[in-house]
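# Descriptive structure summary
Next come the chains, spelled out residue by residue.
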4 protein chains.
Amino acid sequence: MAVYEDRYSDNRPGEENWKSRLYDIIFEADTPAGKNFDIVLIVSILLSVLAVMLDSVSSFRSAHGTFLYNVEWFFTILFTIEYALRLICVKSRARYATSLFGMVDLLAIIPTYLSLFLPGSQFLLVIRILRVLRIFRILKLVKYLNEAEMLIEALKASSRKITVFLFTVLTLVIILGSLMYLIEGEKNGFTSIPLSIYWAIVTLTTVGFGDLVPHTTLGRTLASVVMILGYSIIAVPTGIVTAEMSLASIDARERARPKITCEHCGNQNNDTDARFCKYCGTGL
Amino acid sequence: MAVYEDRYSDNRPGEENWKSRLYDIIFEADTPAGKNFDIVLIVSILLSVLAVMLDSVSSFRSAHGTFLYNVEWFFTILFTIEYALRLICVKSRARYATSLFGMVDLLAIIPTYLSLFLPGSQFLLVIRILRVLRIFRILKLVKYLNEAEMLIEALKASSRKITVFLFTVLTLVIILGSLMYLIEGEKNGFTSIPLSIYWAIVTLTTVGFGDLVPHTTLGRTLASVVMILGYSIIAVPTGIVTAEMSLASIDARERARPKITCEHCGNQNNDTDARFCKYCGTGL
Amino acid sequence: MAVYEDRYSDNRPGEENWKSRLYDIIFEADTPAGKNFDIVLIVSILLSVLAVMLDSVSSFRSAHGTFLYNVEWFFTILFTIEYALRLICVKSRARYATSLFGMVDLLAIIPTYLSLFLPGSQFLLVIRILRVLRIFRILKLVKYLNEAEMLIEALKASSRKITVFLFTVLTLVIILGSLMYLIEGEKNGFTSIPLSIYWAIVTLTTVGFGDLVPHTTLGRTLASVVMILGYSIIAVPTGIVTAEMSLASIDARERARPKITCEHCGNQNNDTDARFCKYCGTGL
Amino acid sequence: MAVYEDRYSDNRPGEENWKSRLYDIIFEADTPAGKNFDIVLIVSILLSVLAVMLDSVSSFRSAHGTFLYNVEWFFTILFTIEYALRLICVKSRARYATSLFGMVDLLAIIPTYLSLFLPGSQFLLVIRILRVLRIFRILKLVKYLNEAEMLIEALKASSRKITVFLFTVLTLVIILGSLMYLIEGEKNGFTSIPLSIYWAIVTLTTVGFGDLVPHTTLGRTLASVVMILGYSIIAVPTGIVTAEMSLASIDARERARPKITCEHCGNQNNDTDARFCKYCGTGL
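Here's a quick rundown of the structure. (Residues numbered from 1 in each chain as written. Chains lettered and ligands numbered in written order. Predicted model: local features only at pLDDT ≥ 70, side-chain atom pairs only at ≥ 80, totals over all residues. Heavy atoms only, no water.)

### A few points about the interface of chain A and chain D
Much of the literature gives interface size as the accessible area that the parts lose upon coming together. The test is simple: Throughout, a contact is declared for two residues whenever any of their heavy atoms are within 4.5 Å. Defined here as a combined quantity, buried area equals the accessible surface (1.4 Å probe) lost by two parts on assembly, summed across both. Take a side-chain nitrogen of Lys or Arg and a carboxyl oxygen of Asp or Glu: if they are within 4 Å of each other, that pair is a salt bridge. For this analysis, a polar contact is any N or O atom pair within 3.5 Å, provided that within protein one partner can donate a hydrogen and the other can accept it, and provided that sequence-adjacent residues contribute only side-chain to side-chain pairs.
The interface is formed by 55 residues belonging to chain A together with 60 residues belonging to chain D. Note on chain A versus chain D: buried area summed over both sides is about 5,200 Å², and carbon and sulfur give 69% of it. Across the contact surface, chain A and chain D share 0 salt bridges. Connecting chain A to chain D are 3 residue pairs in polar contact (both at pLDDT 80 or more).

Shown next, in the form of structure tokens:
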């Protein structure tokens, strides 16, 4: 989630200068204008996503279809202008256009234009809802980026252990699901191995829809094993992530702990309990 | 959850003095009278909340309607007297009346009086049940306030990370729900995007009501992804809160275990029962 | 879970001596005879519990009623003899009979004798199943007592925080359930506040039976809040217990860390990094 | 999960030499040939497991039965050749054949040959799906073995505590289930104690299928207790595993961060970049 940084330098004359100012407003949130732009943008995104959701409710669409149509075009044109401005003020248009956020920005406007030529509104509706991803720009605004990065770091550090865990879980549900298919069989609704694996996932993750349940004593016994297994092994991903986050918290604490500066050599990195500078040996 | 502290000082003559004693009884739990008052109050709150609950059970109401009506008025008058006493013995009535507990105290009595003029008993019933919030005064009584504050501290310290997490979860359920709407469609009950998002929340949080379930192979595959995702990412809020609480526990432990510093070599890590520095052998 | 310790001393003559040996066999697991007794007892308990379970399955009872009847009397007489032997070999019969395990031992045999005079087999069946509690004697046998005590210690240490948590959860479900009763109402199955609170518990704990689900948009929105709340706040009890267990693990580690003995004063409690005895100041 | 190591030494002449090279390809993943072999093998396993799954889908089998039959024989012959090669290149055939992976390798091919003589395809189908276990060889390939071993270590270290926990959970569900059988009874679907225990497991583990739900007020109250219990005690296994993993993480960290000991005062806590002891100022 590296911040996209591709602006013109501030100290350029003429045309480049207003592009730099535009960049500050659109891409940054340090200036009042930049903050206001972000707020307007986020409200627009939320309203347009809400409009997409309501568009899928048939009773609402039949009652307020024209209104939704107008709202949709209003936001599409707004986001089109915004996209154009972003293209104008970045130095490398190709780099922006192929960045993750650049593609999401484009995806936010394309479906509406496509709907002029294509039917299949349902499919386009779902693409339009991807606009919600643009909301992650809000993280930049409210300084939550730091917490997000810490979370991502912890998840990255534990990704290998989590992969091994998921791998084991998938093997477990394949075997347990197949056993259940053998035990319960088609007459009790476990009509195939893939469906039984789906049931094993529903049960092991403690979701328990209840659309498919065991009816034989043996099946219920195996189901009990699956449930207690699922109830217990959730401790594993939790333990992995927690251990990683505890380490990160302890590290952050360590970094925040005050240090003593040596007056002789200027070393700023002495522990608070040190009586002599660790670099020059001078008494502190 | 700062304790409300707004009493008259103890060493005042005449009228202020009995107000101060009344304040001790009603607002504090240090004196025997104060403790007894709190116990009577808590039992009254629990009984009145129970009465409100039973009032909503139509079979019980039709059988014991008059009894419930009398009970309700009994507790309302009791709480009204209590509210009046609270108003009398605090120094600043406005400050008490606008405090959180002050408003809850008022909310506990208003609905019954309103019911004389307004029908809509169901709505007033639910307001009356907010009396249960008054039970939090019990924390003061049994010295659990300290544990509660520690929990709130840990939650506050991790609130930013939890916000980022909830933010990601909401984005996830919007996208996953929309995809499910596309895959399953109206014929399988996923009649709109908001309903599909509701399904995604039900599934990701591992609740799994089962009122809405996928019927296509692709839908079940996506549902499996949602379930395993929900089963795994619950590790994130748990890890956040646990790391914070572990730090708080270690800190509390550290503070409780003092160490002696050696004056000769500066070693700060001697046990409290040590008589000689463990590094340089100097007497402590 | 203090071990019951009420034996005759070993070095007594005549009658007291065989009682002491009997005590060793029945109450202890250090001798081969004591171990064998415990294994036979545990198998008997498991078989008798299994018999009670099967007794409740009507198809099995009608087919093998006489067999179950005989099995039940066999185990009852066996446990009666065992109970008599326990009474004989303990020093204070009153103390054993009123101890937790003493009462469970008695509960294991009474129902069968009562069934001679009383009908209501279902109620007695459930009392008979309490025999399963006797299985906790197994902990003594297989040296798991230590782990069990560590778990109980950690839970005790966090019991106050967990009480505050449960207290908050109960208040939450009362308010959320009442709101749901107001929103969904009787026409959607939320016929009373107690039932709606039951629904709130089912949803907040992520169980999600699905026998009662919201049907209105507002109800589904509130349900989503309840589910995400339940999904998030499970982090709180987990964090509480984990922090306590981490501390206990660190402590156990500390205790297990080797210490240096001072040759001069005999102090065995010097840290491994100490160069001088902390009590007498002698170089190590 | 010890790695199977039973090869001929590399520096032997003639026949033993090509066996050693074959061993490198089949059992190891260090050489390019070995890596390619593993990739081909894993793809084959996944495809054959997919074929087994599809074989259980009756609509697919009736449409593409011959194709599935051919695919099955193709993979069986492939795995038979592989099994033969494994037998050839290991030094001790008996040891390989009786190892866990050796038996899984055999189980992967036997069912297809048996199907020539035996009907009961469903049973053989499930044995064939055990092939999925062979996929764990992938851990060797992608160096995830280390993470897997760390997880297994942490689980082993906490296995005793988890056993005590599961033991308590089983006792709980037996007693709670029996109580539920008494309260709800046959008329509400709780037809026997084993079924009621199954319900208690479904509820305590927060799975909540909803195929069996309480209908009486008392039953719903007990169910609420079971749910809140299940919601709370999931903290116990999580706490156990997390505490163990945190210790392992801290240890790994500690080992990775060496410290310098001061020869003068014995302080072992100097940073690696220190040139003077932080307590006594002596040069290191």
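After presenting the structure, the write-up continues.
### Points about the relation of the copies chain B and chain A
There are two copies of the chain, and a rotation about an axis plus a shift along that axis relates them. Convention followed: Alignment of copies: least-squares fit on C-alpha atoms of residues with pLDDT of at least 70 in both copies.
Between the two copies, chain B and chain A, the superposition gives an RMSD of 1.2 Å; the rotation angle is 90 degrees and the shift along the axis is 0.4 Å. Both copies of the chain, as the preceding transformation shows, are related through a four-fold rotation axis. When the interface residues of chain B are mapped onto chain A, a mere 14% of them again lie at the interface, so each copy presents a different face.

### A closer look at the packing of aromatic side chains
We describe a pair of aromatic rings using the distance from one ring centre to the other and the angle between the two ring planes. Defined as follows: Stacked, tilted and edge-to-face are the three classes applied to pairs of Phe, Tyr and Trp rings, where Trp contributes its six-membered ring and a pair requires centres within 6.5 Å; stacked means planes under 30 degrees apart, edge-to-face means over 60, and tilted covers the rest. The rule is simple: take the accessible area with a 1.4 Å probe, protein chains only, and divide by the maximum for that residue type; under 20% is buried, over 50% is exposed, in between is partly exposed. Here a strand is any run of E in DSSP of at least two residues, a helix any run of H or I of at least four, and the numbering for each starts at the N terminus.
Taken as a whole and judged by the stated rule, the model has 32 aromatic pairs over all chains. With 5.5 Å between their ring centres and 70 degrees between their planes, F190(A) and W199(A) make a pair best called edge-to-face. The pair formed by F190(A) and W199(A) is uniform in burial state, with each residue classed as buried. Centre to centre, the rings of F209(B) and W199(C) are 6.4 Å apart; their planes meet at 25 degrees, and the pair counts as stacked. Taken together, the residues F209(B) in the loop between α11 (193-204) and α12 (217-233) and W199(C) in helix α11 (residues 193-204) connect one chain to another.

### With respect to the interface of chain B and chain A
Our working rule: Residues were grouped as follows: Ala, Val, Leu, Ile, Met, Phe, Trp, Tyr, Cys and Pro as nonpolar; Asp, Glu, Lys and Arg as charged; and all remaining residues, including Gly, as polar.
Taken together, the contacts link 50 residues of chain B with 52 residues of chain A. Together chain B and chain A conceal approximately 4,600 Å² of surface at their shared face, both sides included; 73% is due to carbon and sulfur atoms. Among the residues chain B hides against chain A, the three largest losses belong to R160(B), F167(B) and Y231(B). Together they make up 16% of the total. Put simply, chain B and chain A have 3 residue pairs in polar contact (both at pLDDT 80 or more) between them. Per element, the largest residue contribution to the side of chain B that touches chain A is 13 residues, and it comes from helix α10 (residues 159-184) of chain B. Here the residues of the side of chain B that touches chain A are counted per class, giving 27 nonpolar, 18 polar and 5 charged.

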